[in-house]
Amino acid sequence: MKSIFDKISFECSKNVTKAYSTSFSSAVKMLAPKIRQDIYNIYGFVRLADEIVDTFHDYNKEQLFSLFEDDLQAALDNKISLNPVLNAFQNTVYKYNISKDLIDAFMKSMKLDLTKKTYTTTQEYQDYIYGSADVVGLMCLTVFVNGNKEQYDNLKTSAMRLGSAFQKVNFLRDLKADFEELNRTYFPNTDLNQLDEASKVQIIEEIEADFEAGFEGIQKLPIEAKFGVYTAYVYYKKLLSKLKKTPSIEIKNTRIRVPDYEKVGLLAKCYINYRLKTI
(Lines give C-alpha, C1' and ligand atoms only; values in the text may rest on other atoms or scores of the structure.)
Protein backbone atom coordinates (compact mmCIF):
# COMPACT_ATOMS: atom_id res chain seq x y z
CA MET A 1 0.00 0.00 0.00
CA LYS A 2 1.25 3.48 -0.87
CA SER A 3 0.19 4.75 2.55
CA ILE A 4 3.06 2.78 4.08
CA PHE A 5 5.53 4.34 1.64
CA ASP A 6 4.07 7.79 2.33
CA LYS A 7 4.55 7.25 6.06
CA ILE A 8 8.18 6.27 5.49
CA SER A 9 8.61 9.33 3.23
CA PHE A 10 7.21 11.65 5.90
CA GLU A 11 9.55 10.18 8.50
CA CYS A 12 12.46 10.70 6.14
CA SER A 13 11.66 14.42 5.72
CA LYS A 14 11.24 14.78 9.45
CA ASN A 15 14.60 13.12 10.07
CA VAL A 16 16.28 15.36 7.48
CA THR A 17 14.94 18.41 9.32
CA LYS A 18 16.09 17.16 12.72
CA ALA A 19 19.53 16.17 11.44
CA TYR A 20 20.31 19.36 9.55
CA SER A 21 18.72 22.01 11.77
CA THR A 22 18.03 21.50 15.45
CA SER A 23 16.83 25.09 15.75
CA PHE A 24 14.31 24.86 12.91
CA SER A 25 13.08 21.43 14.01
CA SER A 26 12.52 22.83 17.51
CA ALA A 27 10.40 25.62 16.05
CA VAL A 28 8.41 23.14 13.94
CA LYS A 29 7.53 21.23 17.11
CA MET A 30 5.76 24.38 18.29
CA LEU A 31 3.37 24.25 15.34
CA ALA A 32 0.00 22.53 15.60
CA PRO A 33 0.34 18.77 14.95
CA LYS A 34 -1.94 18.90 11.91
CA ILE A 35 0.47 21.15 9.95
CA ARG A 36 3.78 20.02 11.43
CA GLN A 37 4.46 17.22 8.95
CA ASP A 38 3.85 19.43 5.93
CA ILE A 39 6.50 21.89 7.10
CA TYR A 40 8.91 18.98 7.54
CA ASN A 41 8.08 17.98 3.97
CA ILE A 42 8.87 21.45 2.63
CA TYR A 43 12.10 21.71 4.63
CA GLY A 44 13.26 18.26 3.51
CA PHE A 45 12.88 19.31 -0.13
CA VAL A 46 14.68 22.64 0.17
CA ARG A 47 17.44 21.15 2.31
CA LEU A 48 18.15 18.39 -0.22
CA ALA A 49 18.50 20.90 -3.04
CA ASP A 50 20.70 23.14 -0.89
CA GLU A 51 22.99 20.27 0.08
CA ILE A 52 23.59 19.37 -3.56
CA VAL A 53 24.95 22.82 -4.40
CA ASP A 54 26.68 23.52 -1.08
CA THR A 55 28.29 20.34 0.19
CA PHE A 56 28.57 17.56 -2.39
CA HIS A 57 31.99 18.81 -3.51
CA ASP A 58 33.42 15.36 -4.35
CA TYR A 59 30.71 14.71 -6.90
CA ASN A 60 29.46 16.24 -10.14
CA LYS A 61 27.06 18.74 -8.61
CA GLU A 62 25.72 19.96 -11.95
CA GLN A 63 24.79 16.42 -12.92
CA LEU A 64 23.27 15.69 -9.51
CA PHE A 65 21.21 18.88 -9.62
CA SER A 66 19.98 18.09 -13.12
CA LEU A 67 18.88 14.63 -11.98
CA PHE A 68 17.18 16.23 -8.97
CA GLU A 69 15.31 18.63 -11.26
CA ASP A 70 14.11 15.73 -13.40
CA ASP A 71 13.06 13.73 -10.34
CA LEU A 72 11.20 16.73 -8.94
CA GLN A 73 9.27 17.24 -12.15
CA ALA A 74 8.45 13.54 -12.35
CA ALA A 75 7.24 13.60 -8.73
CA LEU A 76 4.93 16.52 -9.48
CA ASP A 77 3.71 14.97 -12.74
CA ASN A 78 3.09 11.49 -11.34
CA LYS A 79 2.20 12.37 -7.73
CA ILE A 80 4.74 9.85 -6.50
CA SER A 81 8.51 9.51 -6.33
CA LEU A 82 10.87 6.74 -5.27
CA ASN A 83 12.88 9.55 -3.63
CA PRO A 84 11.14 9.66 -0.22
CA VAL A 85 11.83 13.38 0.30
CA LEU A 86 10.34 14.30 -3.06
CA ASN A 87 7.43 11.94 -2.49
CA ALA A 88 6.67 13.70 0.79
CA PHE A 89 7.04 17.13 -0.81
CA GLN A 90 4.69 16.43 -3.72
CA ASN A 91 2.10 15.26 -1.22
CA THR A 92 2.19 18.66 0.50
CA VAL A 93 2.23 20.51 -2.83
CA TYR A 94 -1.02 18.88 -3.92
CA LYS A 95 -2.60 18.94 -0.47
CA TYR A 96 -2.35 22.73 -0.32
CA ASN A 97 -2.10 23.57 -4.02
CA ILE A 98 1.32 25.21 -3.63
CA SER A 99 2.09 27.31 -6.70
CA LYS A 100 4.55 25.82 -9.16
CA ASP A 101 5.92 29.34 -9.65
CA LEU A 102 7.26 29.26 -6.08
CA ILE A 103 8.96 25.92 -6.65
CA ASP A 104 10.47 27.09 -9.95
CA ALA A 105 11.81 30.28 -8.36
CA PHE A 106 13.45 28.27 -5.59
CA MET A 107 15.10 25.88 -8.03
CA LYS A 108 16.34 28.82 -10.12
CA SER A 109 18.16 30.36 -7.14
CA MET A 110 19.63 27.01 -6.10
CA LYS A 111 20.88 26.46 -9.62
CA LEU A 112 22.64 29.84 -9.53
CA ASP A 113 24.77 28.57 -6.64
CA LEU A 114 26.37 26.08 -9.01
CA THR A 115 27.99 28.80 -11.09
CA LYS A 116 27.39 32.32 -9.78
CA LYS A 117 29.87 33.52 -7.16
CA THR A 118 29.29 37.27 -6.88
CA TYR A 119 26.15 39.40 -6.67
CA THR A 120 27.17 42.87 -7.77
CA THR A 121 23.80 44.60 -7.99
CA THR A 122 20.93 45.02 -5.55
CA GLN A 123 18.53 43.52 -8.10
CA GLU A 124 20.61 40.34 -8.43
CA TYR A 125 20.78 40.09 -4.65
CA GLN A 126 17.04 40.58 -4.21
CA ASP A 127 16.19 38.11 -6.97
CA TYR A 128 18.39 35.46 -5.37
CA ILE A 129 16.85 36.01 -1.92
CA TYR A 130 13.35 35.87 -3.38
CA GLY A 131 14.05 32.44 -4.83
CA SER A 132 16.14 31.02 -2.02
CA ALA A 133 14.15 32.29 0.96
CA ASP A 134 11.03 34.36 0.26
CA VAL A 135 9.30 31.63 -1.72
CA VAL A 136 10.05 29.08 1.02
CA GLY A 137 8.24 31.39 3.43
CA LEU A 138 5.35 31.57 0.97
CA MET A 139 5.18 27.78 0.65
CA CYS A 140 4.96 27.55 4.43
CA LEU A 141 2.39 30.36 4.51
CA THR A 142 0.20 28.38 2.12
CA VAL A 143 0.18 25.59 4.70
CA PHE A 144 -0.35 27.95 7.65
CA VAL A 145 -3.49 29.50 6.14
CA ASN A 146 -4.71 26.14 4.82
CA GLY A 147 -4.93 27.48 1.28
CA ASN A 148 -7.10 30.49 2.22
CA LYS A 149 -6.37 32.93 -0.62
CA GLU A 150 -7.51 36.07 1.22
CA GLN A 151 -5.35 35.32 4.26
CA TYR A 152 -2.44 34.40 2.03
CA ASP A 153 -2.62 37.68 0.13
CA ASN A 154 -2.85 39.69 3.37
CA LEU A 155 0.20 37.99 4.88
CA LYS A 156 2.28 37.48 1.74
CA THR A 157 4.50 40.56 2.06
CA SER A 158 5.23 39.93 5.74
CA ALA A 159 6.08 36.28 5.05
CA MET A 160 8.52 37.32 2.34
CA ARG A 161 10.17 39.91 4.58
CA LEU A 162 10.57 37.34 7.36
CA GLY A 163 12.07 34.86 4.90
CA SER A 164 14.47 37.57 3.72
CA ALA A 165 15.47 38.36 7.31
CA PHE A 166 16.24 34.71 8.06
CA GLN A 167 18.29 34.35 4.89
CA LYS A 168 20.29 37.53 5.43
CA VAL A 169 21.10 36.47 9.00
CA ASN A 170 22.33 33.17 7.57
CA PHE A 171 24.48 35.06 5.05
CA LEU A 172 26.06 37.12 7.83
CA ARG A 173 26.53 34.14 10.14
CA ASP A 174 28.01 31.97 7.36
CA LEU A 175 30.21 34.71 5.93
CA LYS A 176 33.42 32.77 6.51
CA ALA A 177 32.20 29.52 4.91
CA ASP A 178 30.51 31.22 1.95
CA PHE A 179 33.47 33.47 1.20
CA GLU A 180 36.43 31.20 1.95
CA GLU A 181 35.08 27.73 1.18
CA LEU A 182 32.49 28.37 -1.53
CA ASN A 183 33.97 31.62 -2.88
CA ARG A 184 30.56 33.30 -2.84
CA THR A 185 29.72 36.93 -2.12
CA TYR A 186 26.00 37.59 -1.70
CA PHE A 187 26.02 41.13 -0.28
CA PRO A 188 26.34 43.63 -3.17
CA ASN A 189 28.76 46.56 -3.01
CA THR A 190 30.50 45.00 0.01
CA ASP A 191 34.20 44.09 0.03
CA LEU A 192 34.35 40.99 2.21
CA ASN A 193 38.15 41.11 2.18
CA GLN A 194 37.80 44.28 4.23
CA LEU A 195 34.40 44.06 5.90
CA ASP A 196 34.17 47.15 8.08
CA GLU A 197 31.76 48.23 10.81
CA ALA A 198 29.94 50.65 8.51
CA SER A 199 29.12 47.90 6.04
CA LYS A 200 28.08 45.56 8.85
CA VAL A 201 25.79 48.19 10.38
CA GLN A 202 24.15 48.85 7.01
CA ILE A 203 23.46 45.14 6.52
CA ILE A 204 22.07 44.75 10.04
CA GLU A 205 19.78 47.78 9.70
CA GLU A 206 18.37 46.22 6.54
CA ILE A 207 17.74 42.94 8.36
CA GLU A 208 16.11 44.71 11.32
CA ALA A 209 13.67 46.41 8.96
CA ASP A 210 12.78 43.00 7.48
CA PHE A 211 12.23 41.58 10.96
CA GLU A 212 9.93 44.46 11.89
CA ALA A 213 7.78 43.89 8.80
CA GLY A 214 7.84 40.14 9.37
CA PHE A 215 6.66 40.46 12.97
CA GLU A 216 3.55 42.32 11.84
CA GLY A 217 2.59 39.22 9.89
CA ILE A 218 3.36 36.83 12.76
CA GLN A 219 0.79 38.65 14.90
CA LYS A 220 -1.88 37.90 12.28
CA LEU A 221 -1.06 34.23 11.69
CA PRO A 222 -3.60 31.50 12.47
CA ILE A 223 -3.25 30.07 15.97
CA GLU A 224 -1.92 26.78 14.56
CA ALA A 225 1.19 28.50 13.21
CA LYS A 226 1.79 31.56 15.39
CA PHE A 227 3.81 30.02 18.24
CA GLY A 228 6.13 28.05 15.95
CA VAL A 229 6.89 30.95 13.64
CA TYR A 230 7.34 33.29 16.61
CA THR A 231 9.84 30.84 18.12
CA ALA A 232 11.91 30.87 14.91
CA TYR A 233 11.66 34.68 14.81
CA VAL A 234 12.97 35.04 18.39
CA TYR A 235 15.85 32.64 17.74
CA TYR A 236 16.97 34.52 14.63
CA LYS A 237 16.58 37.87 16.37
CA LYS A 238 18.89 36.59 19.10
CA LEU A 239 21.40 35.46 16.51
CA LEU A 240 21.25 38.88 14.86
CA SER A 241 21.81 40.53 18.27
CA LYS A 242 24.96 38.47 18.72
CA LEU A 243 26.17 39.38 15.23
CA LYS A 244 25.47 43.04 15.95
CA LYS A 245 27.71 42.92 19.02
CA THR A 246 30.49 41.04 17.24
CA PRO A 247 33.25 43.10 15.59
CA SER A 248 33.18 42.81 11.80
CA ILE A 249 36.61 41.15 11.69
CA GLU A 250 35.38 38.36 13.98
CA ILE A 251 32.26 37.78 11.89
CA LYS A 252 34.49 37.15 8.90
CA ASN A 253 36.75 34.77 10.80
CA THR A 254 34.31 32.72 12.88
CA ARG A 255 30.75 31.37 12.91
CA ILE A 256 28.52 32.97 15.52
CA ARG A 257 25.92 30.69 17.11
CA VAL A 258 23.37 30.60 19.92
CA PRO A 259 24.37 28.00 22.56
CA ASP A 260 21.85 25.30 23.46
CA TYR A 261 21.32 26.64 26.97
CA GLU A 262 20.33 30.02 25.53
CA LYS A 263 17.93 28.33 23.11
CA VAL A 264 16.15 26.73 26.06
CA GLY A 265 15.77 30.14 27.70
CA LEU A 266 14.48 31.66 24.49
CA LEU A 267 11.90 28.91 24.12
CA ALA A 268 10.65 29.53 27.67
CA LYS A 269 10.41 33.25 26.94
CA CYS A 270 8.48 32.58 23.73
CA TYR A 271 6.02 30.36 25.56
CA ILE A 272 5.39 32.95 28.25
CA ASN A 273 4.82 35.70 25.68
CA TYR A 274 2.54 33.43 23.70
CA ARG A 275 0.46 32.44 26.73
CA LEU A 276 0.23 36.06 27.85
CA LYS A 277 -0.93 36.91 24.31
CA THR A 278 1.72 39.60 23.84
CA ILE A 279 2.10 38.48 20.22
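Here, the structure is the one placed above.
Calculation notes
Residues numbered from 1 in each chain as written. Predicted model: local features only at pLDDT ≥ 70, side-chain atom pairs only at ≥ 80, totals over all residues. Heavy atoms only, no water. Phe/Tyr/Trp six-rings, centres within 6.5 Å; stacked < 30°, edge-to-face > 60°. Lys NZ or Arg CZ within 6 Å of the ring centre and 35° of its normal. Axes fitted to C-alpha atoms, helices over the stretch in contact; angles between N-to-C directions. Helix = DSSP H or I, 4+ residues; strand = E, 2+ residues; numbered from the N terminus. Parallel < 35°, antiparallel > 145°, perpendicular 65-115°, else oblique. Left-handed = near helix turned anticlockwise from the far one by under 90°. Contact = heavy atoms within 4.5 Å. Nonpolar A, V, L, I, M, F, W, Y, C, P; charged D, E, K, R; others polar. 1 Å grid on protein atoms, 1.4 Å probe; cavity = no way out; pocket = protein on both sides within 12 Å on 5 of 7 lines; lining within 4 Å. Points joined across faces, edges and corners; volume = space filled by probe spheres on them.

Chemist: I tried to follow the packing of aromatic side chains on my own but got confused; where do I start?
Modeler: The description of two aromatic rings rests on the distance between their centres and on the angle between their planes. Across all of its chains, the model carries 19 aromatic pairs by this definition. Feature note: the residues Phe166, Phe211, Phe215, Tyr230, Tyr233, Tyr235 and Tyr236 constitute an aromatic cluster, connected by ring pairs. Across from the ring centre of tyrosine 94, 4.6 Å away, lies the NZ or CZ of lysine 79, which sits over that ring. Sitting over the ring of tyrosine 119, lysine 116 keeps its end group 5.1 Å from the ring centre.

Chemist: Can you walk me through the packing of helix H6 (residues 100-112) against helix H7 (residues 122-144) in this structure?
Modeler: One way to put it is that H6 packs onto H7 with a least axis distance of 8 Å and a crossing angle of 140 degrees. Comparing their axes, H7 and H6 come out oblique. Between H6 and H7 the crossing geometry is left-handed. For the pair formed by H6 and H7, the contact residues are Leu102, Ile103, Ala105, Phe106, Ser109, Met110 and Leu112 on the first element and Asp127, Tyr128, Tyr130, Gly131, Ser132, Val135, Val136, Leu138 and Met139 on the second. Residues belonging to the contact of H6 with H7 are distributed by class as follows: 12 nonpolar, 3 polar and 1 charged.

Chemist: I keep staring at the layout of surface pockets and nothing clicks. Help me out?
Modeler: Any empty space left between the atoms is revealed when a probe the size of a water molecule rolls over them. One number sums up the size of the second largest pocket: a volume of about 440 Å³. If you go around the second largest pocket, you meet 20 residues; those closest to its centre are Thr122, Tyr125, Gln126, Lys168 and Glu206. Sorting the residues of the lining of the second largest pocket by element identifies H7, helix H8 (149-173) and helix H10 (197-218) as the ones contributing at least two each. Here the element with the most residues in the lining of the second largest pocket is H7; it accounts for 6 residues. A class-by-class count of the residues in the lining of the second largest pocket yields 7 nonpolar, 8 polar and 5 charged.

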